[in-house]
Amino acid sequence: MKIKTANSSKKKTNLLCGFVLENDSKVLGLPKFDAKTTNVINQSLKDMEGKLGKLSIIPLSEKKSIQRILLAGIGKKENLTNDTIRFVSGKIAQKARELKLKEFSIISPPSFVNEPNSTISQIIEGSKMALYKFDKFKSEKTGSDPNLTIIVSKSTKISKTIKTSEIVANGAIFTKSIANLPPNECTPTTLANFARSISKNKMKCSIISEPELKKKGFGGISAVGQGSKNQPKLIILEHNHGPRNEKPIVLVGKAVTFDTGGISLKPGSAMDEMKFDKCGGCTVLGIMKAVSELKLPLNVVGIIPSVENMPGGESYRPGDIIKLYSGKTAEILNTDAEGRLILSDALSYGEKQYSPKAIIDFATLTGACIVALGTNVAAVISNDEKLTKKINESSKRTTEEVWELPLNQDYMDMIKSEVADMKNVGIGKAAGTITAAAFLKNAIEKTPWVHIDIAGVAWTQSSTKEKSYNPKGATGFGVRLILDYLQRL
Ligand code: BES
Ligand code: MG
Ligand code: ZN
């Protein structure tokens, strides 16, 4: 999708779109039309009532420079959220695609929240993200015309907002597009190549492979990776645009390109969805791409441990005791609890190598997270209140929802092992999301850390709330959230 600005919304267009509040008899920001057209608009307004998500098209006469007007309901004023304009804009863009238009215009209403340009950001994010479709493997392309152009009304100091929103949306779309790839087309090596390609001339990119991983002490990544012929990779991207000696923010993302469960094999139903077990790592890649394009004046490091978790003659087994990068030992009781093993290595490495200001990790870590919070809210577990507060604020602004779960000593005790420093599972089904985080906490000595379990939100599942800008498949959850956090540092 392309973006253009115009001086007035009354310029030539195929489709002029405006937002309508419920029970409000006007289109926000609509310019004046002749009496006849105004009458038709008013009749349409009465019919659609501004109900949330409702779209109503009014064809105008052939000779008019504006061919159609589209009224888009945004619901009651008191129910408006930070997300309303985003998802209604997504619907508008999908309508324009359905009508096979070459361009459409949206009249940007005044900000409903006290942040300049927030509506324009939402219009761009919503329409761009809604137009993405995973059609790479379809002979008949069903996706959107890349030349479809959205025209937004020009106002002062808007161009920077447009540029930023475009980069943010592209970051999320990049995350979706690699997260959606099937496991035969996306191995740890493929992800390493994606990292290299986005780093070109912009970021430092290093890849650690076997046998170095084993030699350097990445016992978790090595153990989980050893069962697959697709070798594990530790991918590291560095964006150094902050002051020279400023400590970086480290972002870590779980990238299991396929999680069969290993020797503790998963049941067959919906196992295909475990191609999405790489979503945490894909989120970090999308964030790093955007961070470098935005040239944020910060130091940010992305660390992505990537493996394929397969059963086989070379696989690690229940009963194994392995040594993690932290130096601590772990008793393996279930090879399906693999995410915490590779993340533990990456977290310790991030802390030791970079002495960061903060570490944030993303992982489709536990099925228990879906039981606890469902498929629209991610779990947050942290050792630092201030950092959690900032993530919560960014969550409110981006409507990428999170909810904090506790992590005290009692939970740490639940992963104690008889034979090693810890075991890789808790006790039965109790607090599965928290005991997984307890395992991760052992990897970090002192750095403020937030863990985000995205098992429920990383891709659309049967109970996922429908949103125009998150069509079926990976959602790119976390990209907008963390870019908001980083931009405010
Ligand atoms: N990748 C899964 C978690 C998962 C499952 C995410 C379903 C999204 C949907 C993870 O590696 C896993 O298998 N976790 C186990 C842990 C258990 C063995 C302690 C789980 O959640 O069942
Ligand atoms: Mg697993
Ligand atoms: Zn997994």
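These numbers were taken from a predicted model, which means no experiment stands behind them.

Student: How should I be thinking about the UniProt feature "active site" (unreviewed entry) in the chain in this particular structure?
Tutor: Under the local residue numbering, the UniProt record ascribes the feature "active site" (unreviewed entry) to Lys 266 and Arg 340. Looking at the secondary structure, you find Lys 266 in the loop between β10 (255-259) and α8 (279-294). Among the residues examined, Lys 266 registers a relative accessible area of 21% and is labelled partly exposed. Apart from residues lying up to four places away in sequence, Lys 266 is in contact with Asp 259, Thr 260, Gly 261, Met 271, Met 274 and Asp 336. Here Arg 340 lies in helix α9 (residues 339-354).

Student: Can you help me understand the coordination of the magnesium ion (ligand 2) in this one?
Tutor: Put simply, the ideal angle at a metal is 109.5 degrees for four donors in tetrahedral geometry and 90 or 180 degrees for six donors in octahedral geometry. Those protein atoms acting as donors to the magnesium ion (ligand 2) are Asp 259 (OD), Asp 336 (O), Asp 336 (OD) and Glu 338 (OE), and they sit at 2.0 to 2.2 Å. Here the magnesium ion (ligand 2) is ringed by six donor atoms whose angles at the metal span 70 to 167°, and the overall shape comes out irregular. Each donor residue of the magnesium ion (ligand 2) lies on one chain, and together they are spaced D-x76-D-x1-E. The metal-metal distance between the magnesium ion (ligand 2) and the zinc ion (ligand 3) comes to 3.2 Å, with Asp 259 coordinating both. One end of the pair, Asp 259, is in strand β10; the other, Glu 338, is in the loop between β13 (329-331) and α9, with 79 residues separating them in the sequence. For Asp 259, a relative accessible area of 3% corresponds to the buried category.

Student: Teacher, can you tell me more about the coordination of the zinc ion (ligand 3) here?
Tutor: Protein-derived ligands of the zinc ion (ligand 3) are Lys 254 (NZ), Asp 259 (OD), Asp 277 (OD) and Glu 338 (OE), with the metal-ligand distances lying across 2.0 to 2.4 Å. For the zinc ion (ligand 3), the six donor atoms are set out with angles of 78 to 175° between them, so the coordination reads as octahedral. Along the chain, the residues donating to the zinc ion (ligand 3) are arranged with the sequence spacing K-x4-D-x17-D-x60-E. For Glu 338, a relative accessible area of 0% corresponds to the buried category.

Student: I keep staring at the site of ligand 1 and nothing clicks. Help me out?
Tutor: The full set close to ligand 1 counts 17 residues, and Lys 266, Asp 277, Asp 336, Glu 338 and Gly 367 are the nearest of them. In this structure, an oxygen atom belonging to ligand 1 sits 2.7 Å away from a side-chain N or O atom of Asp 336. A breakdown of the residues in the shell around ligand 1 according to their chemical character gives six nonpolar, four polar and seven charged.

Rules of the game
- The numbers attached to residues start from 1 for each chain and follow its sequence in the written order.
- A letter from A marks each chain and a number from 1 marks each ligand, given out in the order of writing.
- A pLDDT threshold of at least 70 governs which residues receive local features in this predicted model, and a stricter bar of 80 or more applies before side-chain atom pairs are shown or counted, although totals over entire chains, interfaces and linings include all residues.
- Note: side-chain values were computed over all heavy atoms of the structure, leaving out hydrogens and water.
- UniProt positions are given in the numbering used here, feature names are shortened, and annotations may be inferred rather than shown by experiment.
- Secondary structure elements follow DSSP: runs of H or I no shorter than four residues count as helices, runs of E no shorter than two count as strands, and numbering proceeds from the N terminus.
- The rule is simple: take the accessible area with a 1.4 Å probe, protein chains only, and divide by the maximum for that residue type; under 20% is buried, over 50% is exposed, in between is partly exposed.
- The contact rule is simple, with two residues in contact once any of their heavy atoms fall within 4.5 Å.
- For Na, K and Ca the donor cut-off is 3.2 Å, and for all other metals it is 2.8 Å, counting N, O and S atoms only; because water is absent from this set, sites may look incomplete.
- For four-coordinate sites, all angles between 85 and 135 degrees define a tetrahedron; for four- and six-coordinate sites, opposite donors beyond 155 degrees with the remaining angles between 65 and 115 define square planar and octahedral shapes respectively, and all other cases count as irregular.
- A single heavy atom is enough: if one lies within 4 Å of a molecule or strand, its residue is considered near that molecule or strand.
- The definition of a polar contact used here is a pair of N or O atoms within 3.5 Å, where within protein one atom must be able to donate a hydrogen and the other to accept one, and adjacent residues in sequence count solely through side-chain atom pairs.
- Amino acid classes used here: Ala, Val, Leu, Ile, Met, Phe, Trp, Tyr, Cys and Pro are nonpolar; Asp, Glu, Lys and Arg are charged; the rest, including Gly, are polar.

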